[in-house]
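Chain by chain, the residues run as shown.
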Amino acid sequence: MNPQAKLIFITSLLLGTTITISSNHWIMAWAGLEINTLAILPLISKSHHPRAIEAATKYFLVQAAASALVLFSSMTNAWCTGQWDITQLTHPTSCLILTSAIAMKLGLVPFHFWFPEVLQGSPLTTGLLLSTAMKLPPMTLLYMTSPSLNPTLLTTMAILSTALGGWMGLNQTQIRKILAFSSISHLGWMAIILAYNPKLTLLNFYLYALMTTTVFLTMNSMKVLKLSTLMTAWTKMPSLNAMLLLTLLSLAGLPPLTGFLPKWLIIQELTKQDMVPAATIISLLSLLSLFFYLRLAYCTTITLPPHTTNHMKQWHTHKPTPTLIAILTTMSVTLLPASPMILAII
């Protein structure tokens with residue numbers, strides 16, 4: 001892709017995100033979401049492969065429908081209450097429509113079907129943007145409207161997202177699809193706590209974005225797209241593979257690692273809110289996604305492919321690990337002891 005064109009698209013993404021995050025008026029927030037959608041489309045379809053074009057088309061249709069619903073929700077609220085302010089969303093019907101619209105934007109169950117397909121058709125760097133940066137504007141809208149949203153609806157969608165994200169990821173061999181289902185599962189954790197402690201939702205999102213960025217950049221530097229190539233990639237960058245193992249376990253939420261922090265805080269907050277059954281169910285359902293993280297980790301470092309003589313070994317590259325990946329990996333693994341400081345900041 002032409003560097004100037006890429007610069008324009010990346011700048012538009014930053015602009016759209018900034019407009020949505022900093023706006024108080026629904027029309028401005030909607031305009032920011034539209035700029036974001038239009039800026040990411042060329043980045044999805046830049047390879048001109050039929051699958052990439054299909055992914056871009058699906059993404060456009062879903063995001064256009066979700067944006068229309070956001071506009072419809074805000075207009076209904078303005079019609080009934082005379083308020084265009086984002087934080088003044090008080091009409092129950094508007095709240096329900098907005099929850100559906102943002103769920104569609106994020107890929108929450110039952111509006112999740114587009115996300116794995118779009119991620120599978122995109123390059124890894126664009127997939128990284130779709131999984132992290134593109135989810136920030138809808139997340140901020142949810143954060144700003146959280147007092148008005150229906151907790152029962154959010155809890156139901158959250159538990160379904162965690163369940164389906166885990167179940168549908170079990171049988172996948174494509175890494176981008178596994179990461180898409182991992183994203184749906186994590187969104188469930190964010191949605192369940194939104195009505196009770198929205199700051200925890202944002203903390204969970206930031207830490208999820210940190211760990212997912214690490215995984216995507218590592219896969220991109222190893223040029224790995226499916227499990228079978230991941231098995232032979234250990235000869236290429238052994239140290240990076242070993243760190244990828246820890247990052248994946250952190251994404252799964254295992255205790256001494258960073259990923260355990262948001263899960264621990266969310267379960268603690270749910271218990272305080274007398275939602276022990278919901279906390280128990282979502283904890284048990286996260287074991288499903290733990291299985292496919294362990295399978296990824298197993299393929300990354302612990303196993304060798306069968307009949308190694310038939311497999312072409314990849315050359316060991318003596319290039320140093322990029323500094324950004326090193327920093328992100330360290331943060332993805334070691335932030336748990338800093339949790340008091342993180343809690344003091346939020």
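An unreviewed UniProt entry lists the chain under the name NADH-ubiquinone oxidoreductase chain 2, with Motacilla alba given as the organism. Here the chain is described in UniProt, under the heading Sequence similarities (unreviewed entry), as follows: "Belongs to the complex I subunit 2 family." Per UniProt, the chain carries the Subcellular location (unreviewed entry) text "Mitochondrion inner membrane".

*Asks:* How should the UniProt feature "domain: NADH:quinone oxidoreductase/Mrp antiporter transmembrane" (unreviewed entry) in the chain be read in this particular structure?
*Replies:* UniProt's feature table lists "domain: NADH:quinone oxidoreductase/Mrp antiporter transmembrane" (unreviewed entry) at residues 23–288, given in the numbering used throughout. Counting secondary structure, residues 23–288 comes out at 76% helix and 0% strand; the distance between its end C-alpha atoms is 38 Å.

*Asks:* I would appreciate a short explanation of the domain arrangement of the chain in the present structure.
*Replies:* Where the parts come together, the accessible area they lose is often given as the size of the interface. Segmenting the chain into domains produces domain 1 (1–122) and domain 2 (150–345). Between the C-alpha centres of domain 1 and domain 2 the distance comes to 24 Å. Across the boundary between the two partners, domain 1 contributes 16 residues, which contact 20 residues of domain 2. Between domain 1 and domain 2, roughly 1500 Å² of surface is buried when both sides are summed, and carbon and sulfur atoms account for 75% of that area.

*Asks:* Whenever I open this one, the nonpolar core confuses me. Can you help?
*Replies:* Tyr59, Leu130, Ile192 and Leu230 are the most contacted members of the largest nonpolar core, which has 99 residues in total. Composition of this core by domain shows at least three residues from each of domain 1 (1–122) and domain 2 (150–345). Excluding residues within four positions of it along the chain, Leu130 makes contact with Ile40, Ile44, Tyr59, Phe115, Val118, Leu119, Ser122 and Lys135. Membership of the second largest hydrophobic core comes to 5 residues, among which are Leu245, Leu249, Ala297 and Val333.

*Asks:* What exactly am I supposed to notice about the packing of aromatic side chains here?
*Replies:* What describes a pair of aromatic rings is the distance from one ring centre to the other and the angle between the planes of the rings. Scanning all chains against the criterion turns up 5 aromatic pairs. With centroids separated by 5.1 Å and ring planes inclined at 50°, the aromatic side chains of Phe292 and Tyr293 adopt a geometry described as tilted. Note on Phe292: relative accessible area 0%, which makes it buried. Judged by relative accessible area, which is 2%, Tyr293 ranks as buried.

*Asks:* How should I be thinking about the pattern of salt bridges in this particular structure?
*Replies:* Any two side chains of opposite charge can pair, so long as their charged atoms come close to each other. Across all of its chains, the model carries 3 salt bridges by this definition. A salt bridge links Lys58 to Glu117, with the shortest nitrogen-to-oxygen separation between them at 3.9 Å. One end of the pair, Lys58, is in helix α3 (residues 50–81); the other, Glu117, is in helix α5 (residues 114–121), with 59 residues separating them in the sequence. The class of Lys58 is partly exposed, set by a relative accessible area of 28%. A salt bridge links Glu117 to Lys177; the shortest N-O distance between them is 3.5 Å. Residue Glu117 is found in helix α5, and its partner Lys177 is found in helix α9 (residues 175–193); the two are separated by 60 residues along the sequence.

*Asks:* Please clarify how the packing of helix α1 (residues 3–22) against helix α7 (residues 136–145) should be interpreted in this entry.
*Replies:* Packed helix pairs are specified by the crossing angle of their axes together with the interaxial distance, meaning the distance between the axes. Where α1 contacts α7, the axes come no closer than 9 Å and their chain directions differ by 0°. The orientation of α1 with respect to α7, classified from their angle, is roughly parallel. For the pair formed by α1 and α7, the contact residues are Thr17, Thr20 and Ile21 on the first element and Leu136, Pro137, Thr140 and Leu141 on the second. By residue class, the composition of the contact of α1 with α7 is 4 nonpolar, 3 polar and no charged.

*Asks:* I tried to follow helix α4 (residues 92–106) on my own but got confused; where do I start?
*Replies:* Every α-helix winds through 3.6 residues per turn, so residues three or four apart in the chain are directed the same way. The end-to-end C-alpha distance of α4, which contains 15 residues, comes to 21 Å, matching closely the 21 Å that a straight helix rising 1.5 Å per residue would cover. For α4, the tally of buried residues reaches 11 of 15 residues, placing the bulk of the element in the interior. Turning to α4, its buried residues are Ser94, Cys95, Ile97, Leu98, Thr99, Ala101, Ile102, Ala103, Met104, Lys105 and Leu106. Turning to α4, the residues buried within the fold contact α2 (26–44), α3, α5, α7, α8 (151–169) and α9. Where α4 terminates, the next one or two residues include Gly107, which has phi positive at roughly 95°.

*Asks:* I'm lost on unusual backbone geometry in this one. Help?
*Replies:* Excluding glycine, residues mostly carry a negative phi; peptide bonds, for their part, are mostly trans. In this chain, Val109 is followed by Pro110 through a cis amide linkage whose omega measures 5°. Summarising the element assignment, Pro110 is placed in the loop between α4 and α5. A positive phi is found at His48, a non-glycine position, where the angle reads about 60°. Topologically, His48 is positioned in the loop between α2 and α3. His48 gets classed as exposed once you look at its relative accessible area, which sits at 65%. Backbone geometry at Lys223 places phi at a positive 55°, although glycine is not the residue there. Here Lys223 is to be found in the loop between α10 (198–222) and α11 (227–232).

Here is what the cut-offs are and how they apply
- Residues numbered from 1 in each chain as written.
- Predicted model: local features only at pLDDT ≥ 70, side-chain atom pairs only at ≥ 80, totals over all residues.
- Heavy atoms only, no water.
- UniProt positions renumbered as here; feature names shortened; annotations may be inferred.
- Helix = DSSP H or I, 4+ residues; strand = E, 2+ residues; numbered from the N terminus.
- Domains from an automatic or database assignment.
- Contact = heavy atoms within 4.5 Å.
- Buried area = accessible area lost by both parts, 1.4 Å probe.
- Core = buried A, V, L, I, M, F, W, Y, C linked by side-chain atoms within 4.5 Å.
- Buried < 20%, exposed > 50% of the residue type's maximum accessible area, 1.4 Å probe, protein only.
- Phe/Tyr/Trp six-rings, centres within 6.5 Å; stacked < 30°, edge-to-face > 60°.
- Salt bridge = Lys/Arg side-chain N within 4 Å of Asp/Glu carboxyl O.
- Axes fitted to C-alpha atoms, helices over the stretch in contact; angles between N-to-C directions.
- Parallel < 35°, antiparallel > 145°, perpendicular 65-115°, else oblique.
- Nonpolar A, V, L, I, M, F, W, Y, C, P; charged D, E, K, R; others polar.
- Expected span 1.5 Å × (residues − 1).

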